[in-house]
Amino acid sequence: MDAPSKEFALAGSLEELKIKGRLVVHGGHRPILVIYDRGRVFALDNRCPHMGFPLERGSVEDGILTCHWHHARFDLESGCTFDLWADDVPICPVEVRNGDVWVKTTFTHADPAAHWHQRLANGLAHDLGLVIAKAMYGQLAAGVPQAEIVREVALFGAQNRDGWGVGLTILTALANILPVLPEEEAYLALFHGARRVAADCDGEAPRRERAPLGSRPDPAALKRWLRRWTNVRHREAAERTLLTAIAAGFSPAELADALFAAETERAFADTGHSLDFINKAFECLDLVGWQHAAALLPTVVGQMVAARGAEESTAWRQPVDLVALCEESTSELADLFAAGRGSRDWSGHAALAQELLGDDPARIVDALKEAIRAGAAPADLGQSLAYAAALRVARFGNANEHADWETAHHVFTYANAVHQMLTRIGAANTDTHVTAVRGVLHGAMALYLARYLNVPPARIPGDAGEQLDDLPADPETIGAALLDAFDRQRQVDLAASLVARHLTLGHSPQALIATLAYAVLREDAGFHAYQMLEAGVRQFGAWGDTDEGRHILIAVARYLAAHSPTERASLQTADIARRLMRGGELHQEAGSS
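Residues numbered from 1 in each chain as written. Predicted model: local features only at pLDDT ≥ 70, side-chain atom pairs only at ≥ 80, totals over all residues. Heavy atoms only, no water.

Peer 1: Help me understand the pattern of salt bridges in this model?
Peer 2: It is possible for side chains bearing opposite charge to pair when their charged atoms get close. Here the structure, examined in full by the defined rule, presents 45 salt bridges. One salt bridge in this structure joins Arg-538 and Glu-534, with 3.2 Å as the shortest N-O distance. Taken together, the positions of Arg-538 and Glu-534, both in helix 22 (residues 527-543) and four residues apart, correspond to about one turn of that helix. Several salt bridges converge on common partners, so that one network encompasses Asp-162, Arg-207, Arg-210, Arg-235, Glu-236 and Glu-239. (Salt bridge = Lys/Arg side-chain N within 4 Å of Asp/Glu carboxyl O. Helix = DSSP H or I, 4+ residues; strand = E, 2+ residues; numbered from the N terminus.)

See the structure below:
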């Protein structure tokens, strides 16, 4: 009965514990604090769950254990915290055997996946970064699929905020690149996504559910109605129409067609963010399952109907009325699509992109016409537009104001959304051609208005056979140098050169993308950095390891370098959580091993 077991360790005699009040057992993979208080014995993790400070240095009074570092307070019996930001401290069973105190030296849960699922729900509900980080690590360690974690966070975001926001966009963008990330970076990506969703929802009113119509109008009517309600900014009507389309069994392509048509009623709405949010909602459903369409997709309607279009901007009206040019050209280009069938062999993407970078709007429209006549499909135009927009960033002149980076960024992420939506929609009917043309024309005119950002254009390293032999040659050293460049301000050109060096030497693009992703994930990155990274990875996937693909990743690196470094407080939170979950001691006396 009194023999030691593999799970229990001897803490000491009960008399010794009564005299000292507390003992520390160095068993298992973490220290355990044993406390005698008011005739009872308790055992718990000796590391404060907030930042790992030794709880043995705390005080006990009235059944409450207080950590003296940040004054987090815990119920001694359950380990539950009175201060939610600190998280609960794990407890472990205690047995008194013949006057000796034995404690179980492992902290386990009957169902780890369910436990950390609930902890993540609590962390999201109260916007507790440390709890979110621990729960994320715990779920991954328990073997919970990444897609299931993304689903939990996405549905929380859809239910606890009245509309799609930057948090859900960041979550989806990072989830899209999870396949190229190593294990540690995947943990960081999921943590950042969940943290931003929680911050978006903190203090917000929950979403109010709306129901589909009782009838089932034909698809053409639903599409017309959605455009009408968007035009007159009638959110409730637009949401019920969209819900009706979902209930009627619209396919993802049909839903994309309907929303893209409604969205392009306004030109380059909210500087492109509105369409990007719509595209991300579709991509989120690809990740978490289309059975959740009714919960997630209507969240984009609020911004879509409220968005301000570029037609309300002076720059789009003077000195050239770009809105009128788009309206005049839409039907003509759509008719060209309808007259042709497109060509699977059309390969003029790069050449068209160069035409789209021109300084004459009418000639830009003519270039689109010629591409359609030559066999370009709508998605082909979207791909060319996205590459041209990437070149705006890659050639961004350092003499511009720092805020001007966002102008170039907005065009690129909008163009990527246009490309992704047109790829999803395909080429179904004449109405779709009109929608496609409007989206591409709006992007082309936004690209034209950003032409001043390339005067003079920055040099793109690696072009014309440039070898960059003064830079490292092996991929590991190049990656380390790139991260070092991101550690310092104003290293835009160096970062671009290192990316070019990596790719021109034939090293793995996937390794480079992982380095760029880590450069973002270690920062307290702004919303646009996540957008830029993911859109760049998407577009690189379309072009592959070509000169155009190299230009796209150079654009990503230049933008990220212009916005690094930051304080990296989130990385510290994630690191603390990871070390605590692994059983590490974060605080040791000076000189201790």
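Moving on from the coordinates now.
Peer 1: In this structure, what is going on with the nonpolar core? I would like to understand it.
Peer 2: Buried together is how nonpolar side chains tend to be arranged in soluble globular proteins. Counting 168 residues, the largest nonpolar core has Leu-296, Leu-297, Trp-316, Leu-356, Leu-381, Met-445 and Leu-516 as its most contacted members. Broken down by element, the residue count for this core peaks at 11 residues, all from helix 17 (residues 404-425). In this view, Met-445 contacts Trp-316, Leu-322, Leu-325, Cys-326, Pro-361, Ile-364 and Val-365; residues no more than four positions away in its chain are not counted. (Core = buried A, V, L, I, M, F, W, Y, C linked by side-chain atoms within 4.5 Å. Buried < 20%, exposed > 50% of the residue type's maximum accessible area, 1.4 Å probe, protein only. Contact = heavy atoms within 4.5 Å.)

Peer 1: I'm lost on the packing of aromatic side chains in this one. Help?
Peer 2: Aromatic rings considered in pairs are described by the distance between their centres and by the relative angle of their planes. In the structure shown here, the tally under the stated rule is nine aromatic pairs. With 6.1 Å between their ring centres and 65 degrees between their planes, Phe-277 and Phe-527 make a pair best called edge-to-face. Taken together, the residues Phe-277 in helix 10 (residues 273-288) and Phe-527 in helix 22 connect sequence positions 250 residues apart. With relative accessibility at 6%, the residue Phe-277 sits in the buried group. Residue Phe-527 is classed as buried on the basis of its relative accessible area of 12%. Residues Phe-282 and Trp-290 carry aromatic rings whose centres are separated by 5.7 Å and whose planes lie at 50 degrees to one another, so their mutual orientation is tilted. Under the relative-accessibility criterion, Trp-290 is labelled partly exposed at 24%. Note that Arg-97 overlies the ring of Phe-8, its terminal NZ or CZ placed 5.1 Å from the centroid. For the cation-ring pair, Arg-451 lies above Tyr-448, with the distance from its terminal atom to the ring centre recorded as 4.0 Å. (Phe/Tyr/Trp six-rings, centres within 6.5 Å; stacked < 30°, edge-to-face > 60°. Lys NZ or Arg CZ within 6 Å of the ring centre and 35° of its normal.)

Peer 1: Can you walk me through helix 14 (residues 349-356) in this structure?
Peer 2: A turn of α-helix holds 3.6 residues, and therefore any two residues three or four places apart point the same way. Taken residue by residue, helix 14 has His-349, Leu-352, Ala-353 and Leu-356 as its buried positions. Down the axis, helix 14 shows its buried residues gathered within 105 degrees of arc, on one side only. (Arc of directions from axis to C-beta.)

Peer 1: Honestly, the sheet that holds strand 2 (residues 22-25) in this entry has me stumped. Any pointers?
Peer 2: Think of a sheet as strands paired side by side through backbone hydrogen bonds, with each pair either parallel or antiparallel. Spatially, three strands are ordered 2-3-4 in an open sheet, and the strand pairing comes out antiparallel. Across the chains shown, the open sheet's two edge strands, defined by having one partner strand only, are strand 2 and strand 4 (40-45). Strand after strand, the sheet turns through a mean of 20 degrees between neighbouring axes, direction not considered. Of the pairings in the sheet, the one linking strand 3 (residues 32-37) to strand 4 comprises six bridges and is antiparallel in character. From the neighbouring strand, Leu-33 faces strand 4, where its bridge partner is Leu-44. (Pairing = 2+ DSSP bridges. Axes fitted to C-alpha atoms, helices over the stretch in contact; angles between N-to-C directions.)

Peer 1: Looking at this structure, I do not really get the pairing of strand 2. What am I missing?
Peer 2: Consecutive side chains of a regular strand alternate in pointing toward one face of the sheet and then the other. Judged by which residues are buried, strand 2 turns out to be one-sided: Leu-23 and Val-25 face inward and are buried, whereas Arg-22 and Val-24, on the alternate face, are not. Where strand 2 meets strand 3, four bridges bridge the pair, whose relative direction is antiparallel. Bridging from a neighbouring strand, Val-25 pairs with Ile-32 of strand 3.

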